[in-house]
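Chain residues, written in single-letter form:
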Amino acid sequence: MKSPSHPILPLLIERLERLSADSPWAHRASGLRRALLQRMESEGEGSAIPTERLIDLALTLLERAVKGEKP
């Protein structure tokens, strides 16, 4: 695997992985985690969504999951 294009990506991927499968956020977290992994591997080549946007989405999802909000 290449070095991450943004240093926070591995941490976000790990946190998204830790969401319980019973969480209403698990399905969304899985898709976002996949997108972050692809971003790390390709370093953003040919992607329509900027890395910063993916990071914002991941942080928002994690924050809402921790607060117990509904998707």
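Basis of the calculations
- Residues numbered from 1 in each chain as written.
- Predicted model: local features only at pLDDT ≥ 70, side-chain atom pairs only at ≥ 80, totals over all residues.
- Heavy atoms only, no water.
- Helix = DSSP H or I, 4+ residues; strand = E, 2+ residues; numbered from the N terminus.
- Buried < 20%, exposed > 50% of the residue type's maximum accessible area, 1.4 Å probe, protein only.
- Contact = heavy atoms within 4.5 Å.
- Areas by Shrake-Rupley, 256 points an atom, 1.4 Å probe, with all protein chains shown as cover.
- Axes fitted to C-alpha atoms, helices over the stretch in contact; angles between N-to-C directions.
- Parallel < 35°, antiparallel > 145°, perpendicular 65-115°, else oblique.
- Left-handed = near helix turned anticlockwise from the far one by under 90°.
- Nonpolar A, V, L, I, M, F, W, Y, C, P; charged D, E, K, R; others polar.
- Core = buried A, V, L, I, M, F, W, Y, C linked by side-chain atoms within 4.5 Å.
- Salt bridge = Lys/Arg side-chain N within 4 Å of Asp/Glu carboxyl O.

**Q** Explain the overall build of the chain to me, please; I cannot follow it from the model alone.
**A** In terms of regular secondary structure, the chain is built from three helices and zero strands. Traced from its N-terminal end to its C-terminal end, the chain shows the element sequence α-α-α. Expressed as a percentage of its 71 residues, the buried residues of the chain come to 27%. By sequence separation, contacts in the chain at least 24 residues apart represent 69% of the contacts at least 6 residues apart. By element, 51% of the accessible surface of the chain is carried by carbon and sulfur atoms, the whole surface being about 4800 Å².

**Q** Would you mind showing me how to read the environment of Arg64 here?
**A** Turning to its location among the elements, Arg64 is positioned in helix H3 (residues 51–67). Residues Arg64 and Trp25, 39 residues apart in the sequence, show an inter-C-alpha distance of 8.7 Å. Each residue touching Arg64, except ones within four places of it in the same chain, is listed here: Trp25, Glu69 and Lys70.

**Q** Would you mind going over the packing of helix H1 (residues 9–17) against helix H2 (residues 26–42) with me for this structure?
**A** Two measures define how a pair of helices packs: the angle their axes make with one another and the distance between the axes. It is the contact of H1 with H2, at a shortest axis distance of 9 Å, that shows an interaxial angle of 155°. Taken together, the axes of H1 and H2 are roughly antiparallel relative to one another. By crossing handedness, the relation of H1 to H2 is classed as left-handed. For the pair H1 and H2, the contacting residues are Leu9, Pro10, Leu12, Ile13, Leu16 and Glu17 in the first and Ala29, Leu32, Arg33, Leu36, Leu37, Arg39 and Met40 in the second. Counted by class, the contact of H1 with H2 contains ten nonpolar, no polar and three charged residues.

**Q** Would you take a moment to explain the nonpolar core for this structure?
**A** Soluble, globular proteins show a tendency: their nonpolar side chains are buried together. The biggest cluster of nonpolar side chains holds 15 residues, and the ones touching the most others in it are Leu9, Leu12, Leu16, Leu32, Leu36, Ala58 and Leu61. The biggest single contributor to this core is H3, with six residues. In contact with Leu16, not counting residues within four places along its chain, are Ala29, Leu32, Arg33, Leu36, Ala58, Leu61 and Leu62.

**Q** What should I look at first to understand the pattern of salt bridges in this one?
**A** One side chain can pair with another of opposite charge once the charged atoms of both are near each other. On inspection of all chains with the given rule, the structure shows five salt bridges. As a salt-bridge pair, Arg15 and Glu14 come within 3.4 Å of each other at their nearest N and O atoms. Note that Arg64 and Glu69 form a salt bridge whose closest N and O atoms lie 2.8 Å from each other. On the basis of relative accessible area, Glu69 is assigned to the partly exposed category, the value being 31%.

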